[in-house]
Structures are given as C-alpha cells and as structure tokens.
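Close look at the chain arrangement
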Amino acid sequence: MSVTESSESTETTEPSSEVTSKPPSRSAGWAALRPLVLRLHFYAGVLVAPFLLVAAASGLLYALSFQLERVVYADELTVPVGDGVELPLSAQVAAAREAYPDGTISAVRPSPEAGATTRVLLAGTPGIDDDKTLAVFVDPYTAEVRGALEQYGSTGALPVRTWIDELHRDLHLGAPGRLYSELAASWLWVVTGGGLLLWLSRWRARRARGEKRPAAGRRRTLGRHGTLGVTVAAGLFFLSATGLTWSTFAGENVTELRASLGQQTPDVSPTVGEAAGDAGAGHEGHPDVSGEAGEGDRPASGLWVDEVLAIARAQGLSNPVELVPPADEESAYVVRQIQRSWPEKQDAVAINPNGGEVLDVVRFDDFPLLAKLSRWGIDLHTGVLFGLVNQLALAALALSLIVLIVLGYRMWWQRGRAGAFGRPLPRGAWRRVPPALLVPLAVGVALVGWFLPVFGVTLVGFLLVDAVLGRVEGAPPRIGEGRDR
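Residues numbered from 1 in each chain as written. Predicted model: local features only at pLDDT ≥ 70, side-chain atom pairs only at ≥ 80, totals over all residues. Heavy atoms only, no water.

When helices and strands are tallied, the protein shows 13 helices and eight strands. Across the 485 residues that make up the protein, the buried fraction comes to 48%. A separation threshold of at least 6 residues defines the contact pool for the protein, and within that pool the share at least 24 residues apart is 67%. Accessible area for the protein stands at about 23,000 Å²; split by element, carbon and sulfur atoms hold 62% of it. (Helix = DSSP H or I, 4+ residues; strand = E, 2+ residues; numbered from the N terminus. Buried < 20%, exposed > 50% of the residue type's maximum accessible area, 1.4 Å probe, protein only. Contact = heavy atoms within 4.5 Å. Areas by Shrake-Rupley, 256 points an atom, 1.4 Å probe, with all protein chains shown as cover.)

Here's what the structure looks like:
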C-alpha cells in the first residue's frame, strides 16, 4: 500500500463538477476524512515512490548480500579444521601483525566456530577510510594469514556487503545522501497507513454491494494493489519505524527521547581509574597497540589477549566475542559478545589489564526494554536476527514493495484519458472535515512533523505544490479551495 491509490468511484465521496462559490458541506467521521486521506496517499505515492523504489531495490540486494559475501570471501572466512586444536590467540595476533605491521590493533575477534578464521582489526592503516578497519584473517589452527579486507560496522560487513549497505543507506553520497533514505522511511508508514484505511473502506463498500470479484481494468489493478498492500502492511510499518531509529534527524530525536526516558543502551565503563596506578607506573603496565610489530604487540607487563579472553570466558562470555585493547593508560580491556542472531548475545565486561580484575559487567538481560527492542528491531531490519529465514522474509517484503509501486503507477496511468497520466484528485477535501476533527488532526500532524523533520518539510512542500497547481488551474489562491473535479 505504498503508492498511488484512488477511489473506485468518486461520486460517493466527491461533489459534482459544477463550479460553485458555496463552501462544501461538512461531513462527519470517515466520510469527511476519506477524501483527505485519498489525496495525501495519491501525492505521497506519486512523489515519494521513486525514493521508496530505490530503497526497496537496494534493500533487496542487501538481504541477499550475506550469502554473496560467504561465497566471494570463502578463502578469507573459512579454513580446514585439521586436528581441531587452536593456537593461542596471541600467536594468531602476532602472525597478523607480522604480515601487516601498519596501523593499530582496534579489536580482535577470535574464531567463533570450528572452521572459521580469526579477525585482527587494524585502524589507521594507510589506504583505509577512517570509518573502516583492515580485517586480517588468520587460520586459528596454523596461524596462516589468509588475507586482509576492509571491514565496516559492528556486523563485520566486508567490501561487497558494505558497498550494498552504503547504496541502501546514502546512495554513496555520504551524509547528504542519507536524506533520501530518511525521506523514504518517513513517508512509508504514512502511505501504508493511508492505503490501509482506504482498502478497509473499499472492502466494506464492496461487501455491502455484494461484490465477489474485482472489476476489470483499473479497479482490478486497484484490487491487487490493495490486497498485496494489506498483506505486507505490518512489515512496511516495521521497516519504516526501524529505519527511522538510525536516520539522521528523526534518529537524533529518537535517541533524545530514549535518553529522557532512561532507556539508553548501557555499556561497560572502560576506565581503569586509580587501579592503573596501583599496578605499575607508566605505560609499561598497558598493552602496546602501536603500529610497530612485535610479539603480538605483547606488553612488557600486564595481561594480553589470552589472559583477557580466559577471564571473559569465566564471566560467561561465549562465542562470538570481540576484544578491544585499552585506548590509553587509563583504559581497560573491553570484551563484548557480538552475536546478533537469536538468541542475542550482547554481554560485555571491562577488565583491568594490570591485575585481571573485572571492573564492570553489563548483561543483555538487564538492558532497558526500549534498548532491547531497538537492538532486536535493527537486527531484524538488517536480516541477522533469524538468519536465512530473516533474509528471505526481507527479500519478499522488498519485492512486494516494488510490485506495489509498479501497480500504483499503473493505476495512475489507467486513471488518465487517452493514454495521458492520471487526472489530479479533487481539491477542497479538508474543508468538509468538522473543526472538532480537523483541529486535533492538524495538531497531531504538526507534532509528527516536528519529531520527523524530513516528513514535516516535505509535507509542507506537497501543500505548496497543491497550492501552485490550484492557481495554475484557476482555483482561488487558498490551499485546498477551488472547484472539485
């Protein structure tokens, strides 16, 4: 229900085409709102659908990118199990540093399962963007370096998936390009909700008339569009809501709202504090994560990755995990679980590198409700929560949205005369809405427009376009007034 929709027959909701200076009579309830919803759905469908089409097509590619990534990078991701005995993690890190001495170790991801490689992540490597790391893949059984690839994000996306992800997120245009995806997410729930209401009213009308099958032509297209839209409406609402949570402007408002409610995502404190001074003076008590290759960057004193991993295991942090070395002399090791498939593993611990004591622990079970919902929603949106089933469901949802858009534009064409694109819908709908309904509706829309700025700005743009079209067609200058078609 994502793009254009028009009524089966306008005679039940729109007045005759006679020009009149008398204001249209007030209606009540849905009879008053339906023409307004119809016009908004039409405009949003015609003007926003191209952005939704790009988002759906790129989202479809992303849903399929996980399997593609495993095939393209099979040599880096998998190794023969051999005797099944893994070398110490420090030996694997040392092999990675010997092969790639530049940059600093930003994290280490031990092999999560039999036959999977260990990843040593290097930041500040020449030729690698600041928002990415160089992932060095090491055979955990032989310490053979299998290769190195750019990695982006906490999900460990490699170049193919990263390229598709950036296409979906910002069209490879950076921060300005993110407006496209926020525009799509901001309007998807509006056109879906409007289409759902229109379908329900049409279904009731058809039921009252005793119709069993859709009519031919545009009405048949309308029936297919509506039926498919209702079928996937819940999924489209979900994509819109979760997409907005990490958008630029609406996402910032969501973050502020969660903060005001005390629902932020908790994290361990990585600060050692006074414990660092007790363990030893100077930098010698902390891991050396400089660009110089050494014995796995092993410090002169203090803990290294083998000991840290053992302590984390004792705290119940099972695979997959990520070890983040101390950033400075006042920082601790941070070990996090990074499994985002069901069941989630998101526990984290901070460990003093100079004594091994656990400084802080955060359990996913203790996350606030909104933090858990946000984590589950994002992982479901990105296709990792339920693995292949999740990805296939996203692919089906993206295909459905593409079909809805095509059917919507087909209806627009069929609504026209002599092959021309469709006639504009009648104006003046808002004037028939009773003030008791119109005023709270306007206030509600204004509040939503403030919370979702891209939606608010583009809605004002639609109204201005409507006003300009009204002037061109000879309507009075006030928005929404004029003759009805």
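Our focus in this paragraph is helix α7 (residues 249-260). Over its twelve residues, α7 extends 17 Å from the first C-alpha to the last, a length consistent with the 16 Å expected when each residue adds 1.5 Å. Residues of α7 that are buried: Ala250, Gly251, Asn253, Val254 and Arg258. Buried residues of α7 fall within an arc of 160° about the axis and therefore sit on the same side. (Expected span 1.5 Å × (residues − 1). Arc of directions from axis to C-beta.)

A separate point is the UniProt feature "transmembrane region" (unreviewed entry) in the protein. When the UniProt feature table is mapped onto this chain, "transmembrane region" (unreviewed entry) is found at residues 42-64, 186-205, 226-249, 392-412 and 433-464. Helix makes up 100% of residues 42-64 and strand 0%, with an end-to-end C-alpha separation of 31 Å. Secondary structure within residues 433-464 divides into 91% helix and 0% strand; the distance between the first and last C-alpha atoms comes to 20 Å. (UniProt positions renumbered as here; feature names shortened; annotations may be inferred.)

So, on to the environment of Arg224. When you line up the elements, Arg224 lands in helix α6 (residues 218-245). Residue Arg224 is classed as exposed on the basis of its relative accessible area, which comes to 53%. When the C-alpha atoms of Arg224 and Gly408 are compared, they prove to be 9.9 Å apart, with 184 residues separating the residues in sequence.

This next bit is on the pairing of strand β3 (residues 132-138). Burial analysis of β3 places seven of its seven residues in the buried class, the great majority of the element. Across five bridges, strand β2 (residues 118-123) lies against β3 in antiparallel orientation. Considered in β3, the bridge of Thr118 is made with Val138. Where β3 and strand β4 (residues 145-152) come together, seven bridges link them in antiparallel fashion. Bridge pairing links Ala135 to Leu149 in β4. (Pairing = 2+ DSSP bridges.)

On average, residues of the protein score 85 in pLDDT, and 82% of them reach the 70 mark or higher. Every residue in residues 274-296 scores below 50 in pLDDT, and together they form 55 contacts with partners more than four places removed in sequence or on other chains. When the criterion is pLDDT under 50, residues 475-485 qualifies, and its contacts beyond four places in sequence or with other chains add up to 32 contacts. (pLDDT = per-residue confidence, 0-100.)

Below, the discussion takes up the packing of aromatic side chains. Centre-to-centre distance and the angle between the planes together describe a pair of aromatic rings. Scanning all chains against the criterion turns up 14 aromatic pairs. Each ring, one from Trp189 and one from Phe455, has its centre 6.0 Å from the other, and the planes form 45°; the classification is tilted. Taken as a pair, Trp189 in helix α5 (residues 178-209) and Phe455 in helix α13 (residues 453-472) lie far apart in primary sequence, 266 residues in all. (Phe/Tyr/Trp six-rings, centres within 6.5 Å; stacked < 30°, edge-to-face > 60°.)

This brings us to the packing of helix α1 (residues 29-72) against helix α11 (residues 387-414). The interhelical angle for the contact between α1 and α11, taken along N-to-C directions, is 155°, at an axis separation of 8 Å. By the angle class used here, α1 and α11 are roughly antiparallel. By crossing handedness, the relation of α1 to α11 is classed as left-handed. Residue composition of the contact of α1 with α11, grouped by class: 22 nonpolar, three polar and no charged. (Axes fitted to C-alpha atoms, helices over the stretch in contact; angles between N-to-C directions. Parallel < 35°, antiparallel > 145°, perpendicular 65-115°, else oblique. Left-handed = near helix turned anticlockwise from the far one by under 90°. Nonpolar A, V, L, I, M, F, W, Y, C, P; charged D, E, K, R; others polar.)

Moving on, we come to the pattern of salt bridges. Evaluation of the coordinates by the stated rule reveals twelve salt bridges. The salt bridge partner of Lys132 is Asp131, with a shortest N-O separation of 3.6 Å. According to the relative accessible area criterion, Lys132 is buried, its value standing at 9%. The residue Arg375 makes a salt bridge to Asp379 at a minimum N-O spacing of 3.0 Å. (Salt bridge = Lys/Arg side-chain N within 4 Å of Asp/Glu carboxyl O.)

Our next topic: unusual backbone geometry. Most peptide bonds take the trans form, and the phi angle of most residues other than glycine is negative. Cis geometry marks the peptide bond from Asn319 to Pro320, where omega comes out at -5°. Along the polypeptide, Pro320 turns up in the loop between α9 (305-314) and β5 (321-324). For the bond from Trp342 to Pro343, the omega torsion is -5°, close enough to zero to count as cis. Summarising the element assignment, Pro343 is placed in the loop between β6 (333-337) and β7 (348-351). Of note, the phi angle at Ala143 is positive, near 65°, even though the residue is not glycine. The buried category is assigned to Ala143, whose relative accessible area is 18%. Phi at Leu171 takes a positive value of approximately 60°, unusual for a residue other than glycine. Along the polypeptide, Leu171 turns up in the loop between α4 (159-170) and α5. With relative accessibility at 30%, the residue Leu171 sits in the partly exposed group.

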